[in-house]
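# Structural overview
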Amino acid sequence: MTRILYAGRVAPIKDLPTLEKAVKILNLKLIVNSSYSYHDVAKILKSADIVVVPTLSRALDKVFLEALACGVPAIGTDIGYPFMVDKFPQLIFKAGNPEDLAQKIKWLIDNPKESFKITKEAKKYIKENFDLGKLMDRIVNLCR
């Protein structure tokens with residue numbers, strides 16, 4: 001059975017009800033892990049088949065980026081990751097829409113070769129654009 005993971009704090013802004021409804025539509029198992037050490041993040045993310053971050057916040061949630069950086073398919077919202085909508089539409093769903101989220105999850109499950117390819121491309125994009133060293137250089141340059 002496909003393991004769907006939500007990792008992070010449990011709060012209304014994270015919109016877990018949408019994720020729970022989508023998982024129920026597909027009759028899948030949802031794993032919620034809200035208590036883990038930073039050192040365990042990669043291990044936890046890699047234990048899942050798909051990571052879902054249904055945030056309603058415009059603040060960048062690192063779990064989505066970390067999952068992709070680990071090579072794990074991840075799905076996020078159009079609110080939380082608007083920069084990914086055009087680049088990786090298969091990994092982005094309409095916030096608050098469990099049917100759309102269920103379709104994205106089902107597509108990843110039903111299309112493993114394409115899912116692997118898109119995840120690999122997204123991982124490359126994340127490394128090129130969100131590498132901590134590169135981000136620090138940009139921040140330092142902006143502050144000069």
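Described below are features of the structure shown in this document.

Criteria and thresholds
- Residues numbered from 1 in each chain as written.
- Predicted model: local features only at pLDDT ≥ 70, side-chain atom pairs only at ≥ 80, totals over all residues.
- Heavy atoms only, no water.
- Axes fitted to C-alpha atoms, helices over the stretch in contact; angles between N-to-C directions.
- Helix = DSSP H or I, 4+ residues; strand = E, 2+ residues; numbered from the N terminus.
- Parallel < 35°, antiparallel > 145°, perpendicular 65-115°, else oblique.
- Left-handed = near helix turned anticlockwise from the far one by under 90°.
- Contact = heavy atoms within 4.5 Å.
- Nonpolar A, V, L, I, M, F, W, Y, C, P; charged D, E, K, R; others polar.
- Pairing = 2+ DSSP bridges.
- Right-handed = clockwise from strand over helix to strand, strands pointing away.

Another aspect to go through is the packing of helix H1 (residues 16-26) against helix H4 (residues 98-110). Closest axis-to-axis distance for the H1/H4 pair is 8 Å, and the angle between their directions is 55°. In this view, H1 runs oblique relative to H4, as classed from their interaxial angle. Relative to H4, the crossing made by H1 is right-handed. Along its contact with H1, which presents Thr 18, Leu 19, Lys 21, Ala 22, Ile 25 and Leu 26, the element H4 presents Pro 98, Glu 99, Leu 101, Ala 102, Ile 105 and Lys 106. Looking at the contact of H1 with H4, its residues break down into 8 nonpolar, 1 polar and 3 charged.

Across 5 bridges, the pairing between strand S1 (residues 3-7) and strand S2 (residues 29-33) is parallel. Across the sheet, Leu 5 pairs through a bridge with Ile 31, a residue of S2. In this view, the connection linking S1 to its parallel neighbour S2 by way of H1 has right-handed handedness.

Geometric descriptors of this kind do not, in isolation, establish any biological role.
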